[in-house]
Every structure is written in C-alpha cells, then in structure tokens.
2 protein chains.
Amino acid sequence: MGNNVYIAGIGQTAVSEHWDLSFRDLALDAIIRAIKDSEIDRKKIEALYVGNMLAGELAQQEHLGALIADHAGLLPIEATHIESACSSGADAMRRAYLHIKSGEIDCALVVGAEQMTDVLTPRATVGLAGATDADYEVAHGFSFVAINALLARRYMYEHNVKHEDLALFPVNSHANAVHNPYAMYRNEISVDTVLKAPRVCDPISVFDSSPICDGSAACILISEELMRDIGMEKRKDHCVSIASSACATDTLTLSAREDPLTLKAAKISAENAYKRAEVEPRDIDLFELHDAFSIMSAMSLEACGFAERGKGCTLAKEGQIALDGSIPICTMGGLKARGHPVGATGVYQIVECVEQLRGEAGKNQVKDAEIAMAQNFGGSGATVITHILRRI
Amino acid sequence: MGNNVYIAGIGQTAVSEHWDLSFRDLALDAIIRAIKDSEIDRKKIEALYVGNMLAGELAQQEHLGALIADHAGLLPIEATHIESACSSGADAMRRAYLHIKSGEIDCALVVGAEQMTDVLTPRATVGLAGATDADYEVAHGFSFVAINALLARRYMYEHNVKHEDLALFPVNSHANAVHNPYAMYRNEISVDTVLKAPRVCDPISVFDSSPICDGSAACILISEELMRDIGMEKRKDHCVSIASSACATDTLTLSAREDPLTLKAAKISAENAYKRAEVEPRDIDLFELHDAFSIMSAMSLEACGFAERGKGCTLAKEGQIALDGSIPICTMGGLKARGHPVGATGVYQIVECVEQLRGEAGKNQVKDAEIAMAQNFGGSGATVITHILRRI
C-alpha cells in the first residue's frame, strides 16, 4: 500500500481579520513557520498543495498553486489548488498524502489559506453559499446559516433537545480557545451568553456560529524514506504519523437526503478512517470536529460513533468533551473560537492534533494523547475528510 | 514506484455554447459517455476528480466534487475539485493518476467541465484574468489577451517572425477540426483569414485566439490490477497506458520572468515527462499542445524540444505540424478550433490522444501513432502539466 507518511512540520497564523496581509502573505506566514518547525531544507519540498475556497470569487484570484509556489520561493516545483468548500484544507492534506504514498515524491508542503474579510468583493455569505447547491438551494435564498438553522430546529424537535444543550458546544470551544495564542476569540462564554445573543437565523445565535475571518495553516509531509534519511530516532518526538485518511460525499442539498439528521458522509468517512488505521472510536484520544455551527458538533459525534443518534449533547452535558473527558473535542477552540477561515480550517485541525500528539498543547494538553482524529466538512457534510494521526 | 495506470474509457461533449445544459448536466454528458466507452461497471469507480476553473466566480457554485458525484449517481464516493486555471483538466488527471499509483484505489473518474457562456455573471474575460496575478497584473488592466499580445510582439521582434508565420498555427488547427464532430469551428481558414480578422489586442486577431465556450470531457482511469481482472488481452486495443505525468510552475506575472520568451515550466514539465516515460521528443508521434493563442504554439514547440529557440514557426512552415508531418499538433483542432472550455481542455487533449492511439481518429488519424503527448497550461505557462500516453 505504498509509503507511510509523516507530518514533519507545522505552522499557523493567528486567526483574525488580517487587513494588513495580502492573501499570498497570509499563506506565506504559515509556510515559513512550518518549514522552520520541520527543520527540513526547503529545497527538499517537491510539491505544494493549496487549500482554498473563496479567493476566486472574493478576490478574483485563481491559480493559487503557482501563485503561492512563486511567493514562497519554491518555483519551479509542482503546485496545485484543491477546493471542496470548507473541507478544502483537509482535502489538500489528503491529496499531498496520496502523492507521497504514490512513491513519486518524498516531501510535500500543504497550506490552507483563506481571506474572507479584506477582499475585493466583501460578500462572504454569498461566497459560502457556493458550498451548497446554487441552482436548487441558493436560488431560493438559502444561506449556510439558514441550512443549519433548519437542521437545528428539526434536531431539537425530533430528539427533544433544548438550545441550552446545544449551547454547551460553543461554551467548550471558547473555554479551550482561552489558552490558544492562535485563536480568534480567547474569552470564556456561558450557556446564557449563547442563549441571549442575537439570532443570526433562529434558533442559531451569533454564538452558535463560527466567525468570518482570515487565517492560514501549513504542514510539511514526508515519506518514511526521507524520515529515515534525516534520522528517525532524532525526530521521534517531533514527527507524527498519518495513520489514515478518508473522504466520502453526500448530497449538497439537505432536501435530497433520506435523513437530514444523519451525517452519512461523516459516518462513512470516519468508518473508513478507523478501518484503515485499525482503530475504533474508543481509541481516539481527541477529536477535532467541524463545529461550524453548534448543531454540527452534536451530529458529528453521533456520525463518528461517539454517541447514539440524538445523544450528542449528552456527551457535552456529562463533561466528556472537555480536555479531561473521554472524548475531548475542539481542544484548541475549534471552528467556533479558534475561528473558521474556511479553506484553512482543515489544516488548522491537523496542526492542532500534531500539537497535542507532540505534547506541545500547553494548558490545553490532553493527557497521554496517542491518537487524534480530525474531521473537516465541506458544506453541511457533503464532503467529509477524516484524518487519524498517531504519535510514533 | 507503485502501479501502472491505464485509461480505460473516454467521453466528450461537442464544444459549443451550451445554453441548453446546466453545468452539472454538461459534466454528466461526458461522464456517461466515458463510463459507457469503458464498459466498466460504474460501481467500480472509487474516486471522482473534477477539473474546473470558473464555476465559483461565474456561477457562484463551488464544491464541484460532491455536486457532480451526486448528479452522476456516484455517492458516497470520494470526490474533489482541482483548480489550476486553464490547466485544471490535466491537473485533475494527474491527481487521479497519483491516487491510483498510491495503491489505495483501482478506478477513478476524471471530468473536466467548464461553462463560460451560459452563466450567472457573464464576464469570462474578468474570470480568466484570475489565472494571472490579480494584485500585480490584473489591477493594471491586464487581460489574458493583452499578456499574449505583449508576448507575441516581443517574440516577433526578437526572432524576426511575421504575423503570417504565427498564423500557420490556427490554420493547422482549423484544418484538423473539420473532421472532428466535437469541435466548435469545423471550417478551414487561411493565413489571410487570420491576418485580416479584427484585432482583439494587436497583433492578436480573433483567429489567433481560442474561443470562450462550454464543454466537458471525461476519462476512466484504472490500475494494472483492475486491468488484469477485466482481461488485459481483451482490452488491449481499447486501453492506453499513462507512460508519465509531470507538473512544473513558473511566475504568474510575465514581468517577473527572467526571459518571457522561454516557457520555463513547459520545458521542465516536458523534460520530467520524457525522463519518466523514458522517451525523447523524437519518439513522440503527436503532440496536443496548448494553443490558446498562436504565440503559445510556437513557444511550446520550442520549450518541449521540437524546435530551436525562435524557430517554432519553421516547423509550421515546413508542414511538420500537419497530420503527416514529423510532429503533428492539435490533431483534432486544438484549443483554437476544437475550442477551449478552460477547465475541460486538459481532459479533451487526453481524450484526443487516446483516440489517436486507439486508431479511432478517423480522417485525422496519425499513422502508426504509438506515443502521444498532451501539454496543458495554466495562465501563460505558470502551471504546466504534461502527460505522455502509450499504446499497449
């Protein structure tokens, strides 16, 4: 099945409104950090994978592979741009992983970058709606928040769940963001903060929604062969193994799903990732899930086998999602509080898993973390990419 | 180096202004044809790679992987969208090829699709400019035609070449398109037609430029193992081997290039492709090059080792680029006359190479074609992806 693949370096930019940085400088910032962290000669990098969703629509800039390869001084290396809406970051990771697995290269650079605030056409909501179906949903005025509001309302009705139950997820994310220097919102909130906040689309309040923001994160991926060349033993505490990677899809439109309350692609993607890594949900020490909206956290936990159908909030109520719980989630703040610069998010999730597995997560360290899972969604779970990482 | 990869099926839609088809139906048309041509059970398809440049900007539709997987009835398979401007099609091919080479899957579907005429925001020229540098070129009013006009003017001055020399390329492409039922312009033209046509941007006339149009093309890629399973001998006349695949990059801006008249990425990409396939330029029986503008044909032939610097037009003058010449190019009409639906073009090129290698190119058949090369450009050669295909 080809080579094993390792993450040898990570870098991230604090999520924020980066009006001071152009898109390319934003990407470059994370790239420089990742290269430095890897201690690998940048001449060893053979391919660049850029994850981004919105630069074409908001900044009229496509062709991001070559653009960033040039700006990072990496020409004439192979470069490409991967897009699968909000899962573009994890998708770029997966393509780079497969490239190394093919045996053709030994070192790839992955960067996820998104500039949503300082752009030519400031209409992030319209842009984000491109993750769902332009002809069958957006044409009817459906925005992304509206889709999640419908889901949340149905979920609450069907499973007898209250808004205060769902609110526990953003409360957890905010608590974890306090000690993450790269997080956008480093303040604690309470269930009351969520409930009393203005509604974006009822029942979703401002605090149920991840923010529109700018950010970038990067990883250096290497083959087993390169790992040996640079001295495996020396890098053992620093490198993390990609135990598995998997991708599955579902309909873009909610209306076309047999059961909108089941994230089918998340389930299949996670199951394939478990199988390929030869682990089970109970082996996962932490789970960076895609909490774009509170409702997604509950449904993700269920889809991935951590909770029964309709019981995702129970884990939160029991404190199991906290750093010392049975399945800590969003350990560095998640999409809600670290921030959700869409095409970058999947790479941030991986970077945070690596921090945890290296034991470098500071006050947010999950004790004895050996195996971490990251799951990135495009749209309302229409593309779902799961990675399982393991300490070596 | 992993598995060998074969092209087991091809499909294409006639390039045209498809006001009757939505983007997804356009893509589906080529997919159905490719699946049918492959005679492979569609349940065997494990991943979908969509090449597209402009759907986000012109139709506000991103997330094309899952969208097309759904529309083609392929859920919940893995799906993604690859973008590298006008080389998105070949880029999607390359990613699918690497996926199979990794050993993780045995069958992938690649579709390149682009709808440039019947869109929400009809501004293809602005969209296409996203292939170059939005901050440093487009902001100064540089369109894609303007870039090529500058290049052509400099090339003509430096190499003492006349417009009538460059005009031989579109004349060749139009001659070849006459017998291609999928081509947009099936009429012959003369050098005079090119010279007397209205200028788009002097010295580039309408007939030096590939058209804005809609189209889609698809391929089924399979592993050696699946090839054996379905009976290799039985498929020998139908399947074509991907002998090599390579990608290289250059600056997006012309101003940043040491020598704008050398297509450096095309040179590196071709050299890597030759090396990996263990062939030389003289072994290539036909060459589907990226004739987005006449000037690109001349420069491509030089970059890929078929002509000396500044001598690309000589090959045309000597008749060497014709179907019975030493290096037939654009054998089914090229970008100029078959048409250039940008994100689809790279897949059309591959499909046409397969037709030639199968001996199914009808009146355009290159005699005894054994080895074909396709080269797809993003921007003015800022991303260049080369594939070499071989009859088995």
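What counts, and at which threshold
- Residues numbered from 1 in each chain as written.
- Chains lettered and ligands numbered in written order.
- Predicted model: local features only at pLDDT ≥ 70, side-chain atom pairs only at ≥ 80, totals over all residues.
- Helix = DSSP H or I, 4+ residues; strand = E, 2+ residues; numbered from the N terminus.
- Rg over C-alpha atoms; globule rule 2.2 N^0.38 Å.
- Buried ≥ 20, exposed ≤ 12 C-beta atoms within 10 Å, placed from the backbone.
- Domains from an automatic or database assignment.
- Contact = placed C-beta atoms within 7 Å.
- Nonpolar A, V, L, I, M, F, W, Y, C, P; charged D, E, K, R; others polar.
- pLDDT = per-residue confidence, 0-100.
- Expected span 1.5 Å × (residues − 1).
- Core = buried A, V, L, I, M, F, W, Y, C linked by C-beta atoms within 7 Å.
- Least-squares fit on C-alpha atoms with pLDDT ≥ 70 in both.

(A) Representation of the overall build of chain A in the model. Counting its regular elements, chain A contains 15 helices and eleven strands. Computed over C-alpha atoms, the radius of gyration of chain A comes to 19 Å, within 12% of the 21 Å expected from 2.2 N^0.38 for 392 residues, which places it in the range of a compact globule. Counting only C-alpha atoms and orienting by the principal axes, one finds that chain A spans roughly 55 × 45 × 40 Å. Across the 392 residues that make up chain A, the buried fraction comes to 66%.

(B) Region of the structure containing helix α12 (residues 294-303) of chain A. Most of α12 of chain A is tucked away, with ten of its ten residues classed as buried. With its phi angle positive at about 90°, Gly305 of chain A sits one or two positions after the end of α12 of chain A.

(C) Looking closely at the domain arrangement of chain A. Residue and element names in this part refer to chain A. Considered domain by domain, chain A is made up of domain 1 (5-122 + 212-240) and domain 2 (144-200 + 244-391). Residue-level contacts link 37 residues of domain 1 with 35 residues of domain 2. Elements represented by at least two residues in the side of domain 1 that touches domain 2 include exactly β1 (5-12), α4 (88-101), β4 (107-114) and β7 (215-223). Sort the elements by how many residues they give to the side of domain 1 that touches domain 2 and α4 lands first, with seven residues. When the residues that make up the side of domain 1 that touches domain 2 are grouped by side-chain class, the tally is 20 nonpolar, twelve polar and five charged.

(D) A look at the confidence of the model for chain A. Of all residues in chain A, 99% have pLDDT values of 70 or greater, and the mean over the chain is 96. Here the predicted complex scores 0.98 on pTM and 0.98 on ipTM.

(E) View of α4 of chain A. All names here are of chain A. For α4, with 14 residues, the first-to-last C-alpha span of 20 Å sits near the 20 Å given by 1.5 Å per residue. Counting buried residues in α4 gives 14 out of 14 residues, a clear majority hidden from the surface. Phi turns positive one or two residues past the end of α4, at Gly103, with a value near 85°.

(F) Up close: the environment of Ala248 of chain A. Turning to its location among the elements, Ala248 of chain A is positioned in strand β8 (residues 240-249). Look at Ala248 of chain A and you get buried, because 27 C-beta atoms sit within 10 Å. As a C-alpha pair, Ala248 of chain A and Asn160 of chain A span 88 residues in sequence and 29 Å in three-dimensional space. Discounting residues that sit within four places of it in the chain, Ala248 of chain A has contacts with Ala265, Ile268, Ser269, Asn272 and Val384 of chain A together with Pro76 and Glu78 of chain B.

(G) View of the nonpolar core. Membership of the largest hydrophobic core comes to 308 residues, with the highest contact counts inside it found for Val110 and Cys219 of chain A together with Val110 and Cys219 of chain B. Setting aside its immediate chain neighbours within four residues, Cys219 of chain A contacts Ile7, Gly9, Ile10, Ala34, Met93, Val110, Val347, Ile350 and Val351 of chain A.

(H) Summary view of the interface of chain B and chain A. Facing 54 residues of chain B, the contacting portion of chain A comprises 55 residues. Sorting the residues of the side of chain B that touches chain A by element identifies α2 (55-59), α3 (64-71), β3 (78-83), α4 (88-101), β8 (240-249) and α11 (264-277) of chain B as the ones contributing at least two each. With six residues, β3 of chain B is the single largest residue contributor to the side of chain B that touches chain A.

(I) Region of interest: the relation of the copies chain B and chain A. By a simple turn and slide, chain B fits onto chain A: the slide is 0.0 Å along the axis, the RMSD is 0.0 Å, and the turn is 180°. Those values place the two copies in the arrangement expected of a two-fold rotation axis. Closest approach to the rotation axis among the C-alpha atoms of chain B is made by Ser102 of chain B, whose C-alpha sits 1.8 Å away. Both copies share a contact surface, since 100% of the interface residues of chain B are interface residues in chain A too.

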